[in-house]
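Survey of secondary and tertiary structure
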Amino acid sequence: MQKRVLQGFLFIILPFFSSSLFATEPAYEVIPDLLYQLERKILIKREGSKYGLVNQKGKELIPAKYDSLLYTELQDQYIAYLDRQEHQKVAGVISERDKKIIPIDYNHIVPVALTLYSVENFSGTAALFDSDGKQKTDFKFAAITAFKGELARFYQNGKAGVINKKGEILLDARYKDVIIRSDSTVDAVHLRNWKILDGQNKLLNELQFDSIRPLGKDRWATSINFYNAAGQPTLMTALTNSKWEQLIGYRPMFIYPFDDSREKQVAKIEEKGRFGVINAAGEYLLPAEFDSIALTNRAIVAGLRVNREWYWHVFDFNGKKVSRETYRAVVPQKDDLMPVKLNDRWGYIDQQGKEVLICRYDSTNAFEGAYARVRYSGSMGIINREGLWQVRPMAEHISMATPTRFVARTPNAYLLLNEEGKELLRTPHALKPVEGGLLEINEQLQYGLFDLNGKRLTPTTYEWISELQEGDIFLARKNGRKGILSRDGKSFIPESADTFDQLFDMSEGFLAVEIGGQQGFVDTQGRLRISNRYDSVSLFSAGFAAIKLMGQWGYIDKMERLRVQPLYEAAGPFEEGMAIIRKNGAYGVINENGKVIIRPEYEKIQSLQSGRFLIVKDGQMGITDKNARSLLSAKYDHIEDLKNGYFLVERNGRKGLVNYEGISTIPLMYDILLWDELNQLYLASAEGEKIERKVIR
């Protein structure tokens, strides 16, 4: 059994229907009326793929010439469809004698009452027709639902209104939805009301929709939950400009943001799982017919998938196809040559779709600076932007250590090559690029170090070597002991009885160490610069390190001068002359001289980029400045620093705006308050869904 849903009506077509009314089995199928369940004197028949009408005795009334016939509630009227060229169907209404009541010229027809039809044209707008074929309204509706008594809902621009059977609009389309209660009473569901504000609460506009999303400069996506003829909600989205005019009307789509870094303002859209591209004027550069789309700074890369195979083209920002070939793969690059696959070979095209390096490689990688790694005849090499070999194909794998140094793996050795392909180093052991050089790793997992010219810096006898630390030294481990390895590899200072028991991380030229159970700092040559007299130390930050003495934390500088007495249970790093400390379980802030700036009386303190502090007390948030001046007392459920001179604050589910001086500029009255950084606006809504009872006269 085949089911078909058409604008909320369910049609069921049985593959065969036998009837005792026929003396002999006919050479066609009879389609019963399972929708309206009326006892029909005239029945739809099917011969092959065509439909016609017969009476109960099997007499043919209309030959099987229509591509589809559907019953209506009227016994003598049928919705007929014909296939036109390019598989386009056209619809109309016919009588049992094949009289054209509504011409077969329309896109779609749905019965909405016993004697009324919603007729949709090929522009996607609907009008109301009666069963005599008289047009009751203009084609101006997105949809007309089934009538409930004398009234029906209609939709325009994603909003609902009410129409009667005469085609008169009784309630304009201004509502999210309309619920018809009787022939004279409806419940109108209001859309959410939005205010467009500046930071000083100046009202710039007031609009109605369910949600709003900034897309770019002077562009927004506004959305409404649209209820179709079957009463099912669909999120409909429109593209609007700074005048809040619709550049693209409401439709079920998702619009991705515009990007100012591109050559032109374009955005990707998604409709029914397919992708297209629009410009800032709302014009379709590519229809939403592609399975994948990527936008670079200067091009559109669009792909279709057919039977698991991909087919790709490149378009410019006018929607013109600029690639000559159909590629099996394209790897989009923001503003560079793009690897492409033609048949089974790889090459490169530019942002204008021109094939600049012909597809002759086994595989290609994106260019990294002046060079790219490619595979040819099973081996990997390096080419330049003219396609000339810098390193001829000779390796199983090549990686780029720097823009001019390459590490190649061959079946028998690892090689370090320069940009001219000259061999600088050959070793049977693995080579791994790190900041500051190359690590050699042998089969016993021992580490050695080379510089980027192939000069050996250390033997391969270490258990571990780090990346270069602050451009100065390496950390390494040998014979189970961590130590300081000089950049030239000539000096290694390990943990020992003569140096330090334990070595920690590096910060601002100093390394924390532990000697005899106490901690201090050494320099990069292993010399003790800050005595091992502390229970614990932290990393240096802004010239200060937190130290722990007798269970309490204070601060020293690099000259080991005690700058803040050890009075605290915890001490954070200094930032812009301030540090967060904890005392008696509460947090406060001190300056570099140890002066208490914010008394330790808070459950939490967080430093903000604006130089202010977020404080938490009794679970509530507030703001204070670096001079301990309270800007916002701790009474808010949430505070967000918008980094634009304002804080977004929330209390009891209501949101507002406060400037950096603590002055309220947008009252704490909105359940939604959004900062649109792209357009320097605030989008505010204080009203949820509201239902209003209306009497229709």
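Conventions and cut-offs
Residues numbered from 1 in each chain as written. Predicted model: local features only at pLDDT ≥ 70, side-chain atom pairs only at ≥ 80, totals over all residues. Heavy atoms only, no water. Helix = DSSP H or I, 4+ residues; strand = E, 2+ residues; numbered from the N terminus. Rg over C-alpha atoms; globule rule 2.2 N^0.38 Å. Buried < 20%, exposed > 50% of the residue type's maximum accessible area, 1.4 Å probe, protein only. Contact = heavy atoms within 4.5 Å. Lys, Arg positive; Asp, Glu negative; His and termini not counted. Charge placed at Lys NZ, Arg CZ, Asp CG, Glu CD. Pairing = 2+ DSSP bridges. Patch = residues over 30% accessible without salt bridge, like charges linked within 9 Å, V, L, I, M, F, W, Y side chains within 5 Å. Areas by Shrake-Rupley, 256 points an atom, 1.4 Å probe, with all protein chains shown as cover. Salt bridge = Lys/Arg side-chain N within 4 Å of Asp/Glu carboxyl O. Polar contact = N/O pair within 3.5 Å; in protein donor to acceptor, adjacent residues only side chain to side chain. Axes fitted to C-alpha atoms, helices over the stretch in contact; angles between N-to-C directions.

**A few points about the overall build of the chain**
Helix and strand counts for the chain come out as 0 helices and 75 strands. For 697 residues, the compact-globule formula gives about 26 Å, and the C-alpha radius of gyration of the chain, at 38 Å, lies well above that figure. Each of the three principal axes of the chain carries a C-alpha extent, and together these read 115 × 70 × 45 Å. Split into buried and exposed, the 697 residues of the chain put 48% on the buried side. Long-range contacts, defined as pairs at least 24 residues apart, comprise 28% of the intrachain contacts of the chain with a sequence gap of at least 6. With 93 positive and 90 negative side-chain charges, the chain shows a separation of 2 Å between the mean positions of the two kinds.

**Concerning the pairing of strand 25 (residues 246–251)**
Direction of pairing for strand 24 (residues 233–240) relative to strand 25: antiparallel, over a ladder of 3 bridges. Note that in strand 25 the partner of Leu 239 across the bridge is Ile 248. Following strand 24, the chain reverses through 5 residues before pairing antiparallel with strand 25; Trp 244 in that reversal takes a positive phi of roughly 60°.

**What to know about a nonpolar patch on the surface**
A surface patch of nonpolar side chains, amounting to about 220 Å² of accessible area, comprises Leu 304, Val 306 and Tyr 311. Of note, Val 306 is situated in strand 31 (residues 300–306). Judged by relative accessible area, which is 43%, Val 306 ranks as partly exposed.

**Some words on the side chain of Thr 364**
Position of Thr 364 relative to the elements: it lies in strand 37 (residues 363–364). Setting aside chain neighbours within four positions, we find Thr 364 in contact with Pro 339, Trp 346, Gly 347, Tyr 348, Arg 373 and Val 374.

**Quick word on the pattern of salt bridges**
As enumerated under the stated definition, the model contains 35 salt bridges in all. Between Arg 274 and Asp 291 there is a salt bridge; the shortest N-O distance is 3.3 Å. One end of the pair, Arg 274, is in strand 28 (residues 274–279); the other, Asp 291, is in the loop between strand 29 (284–290) and strand 30 (292–295), and 17 residues separate them in sequence. Residue classification places Asp 291 among the partly exposed positions, given a relative accessible area of 25%. Via salt bridges that share partners, Lys 45, Glu 47 and Glu 60 belong to a single interconnected network.

**Overview of the side chain of Asp 350**
Assignment of secondary structure puts Asp 350 in the loop between strand 35 (345–349) and strand 36 (355–361). Notably, Asp 350 is buried but unbridged: the nearest opposite-charge side chain belongs to Lys 354, and the N-O separation is 5.9 Å. At 2.9 Å, the side chain of Asp 350 and the backbone nitrogen of Gln 352 are in polar contact. What Asp 350 contacts, discounting residues up to four positions off in sequence, is Leu 337, Met 338 and Val 356.

**Digging into the environment of Arg 153**
Structurally, the position occupied by Arg 153 is in strand 15 (residues 151–156). Considered as a pair, Arg 153 and Asn 164 are 11 residues apart in the sequence and their alpha carbons are 8.9 Å apart. A polar contact is formed between the side chain of Arg 153 and the side chain of Asp 177, at a distance of 3.0 Å.

**Topic: the sheet that holds strand 44 (residues 423–427)**
In spatial order, the strands read 41-42-43-44; together these 4 strands make up an open sheet with antiparallel pairing. Among the strands making up the open sheet, the edge pair consists of strand 41 (397–402) and strand 44. Across the sheet, the axes of successive neighbouring strands diverge by a mean angle of 20°, strand direction being ignored. With 5 bridges connecting them, strand 41 and strand 42 (residues 405–409) associate as antiparallel partners. The partner of His 397 across the bridge, within strand 42, is Arg 409.

**Points about the sheet that holds strand 18 (residues 177–180)**
Ordered in space as 18-19-75, the 3 strands form an open sheet in which the pairing is antiparallel. Two strands close off the open sheet at either side, each with one partner strand: strand 18 and strand 75 (690–695). Going across the sheet, the axis of each strand differs from the next one's by a mean of 25°, ignoring polarity. Here strand 18 runs beside strand 19 (residues 185–190); their pairing, made up of 4 bridges, is antiparallel. Bridged to Ile 180 within strand 19 is Val 186.

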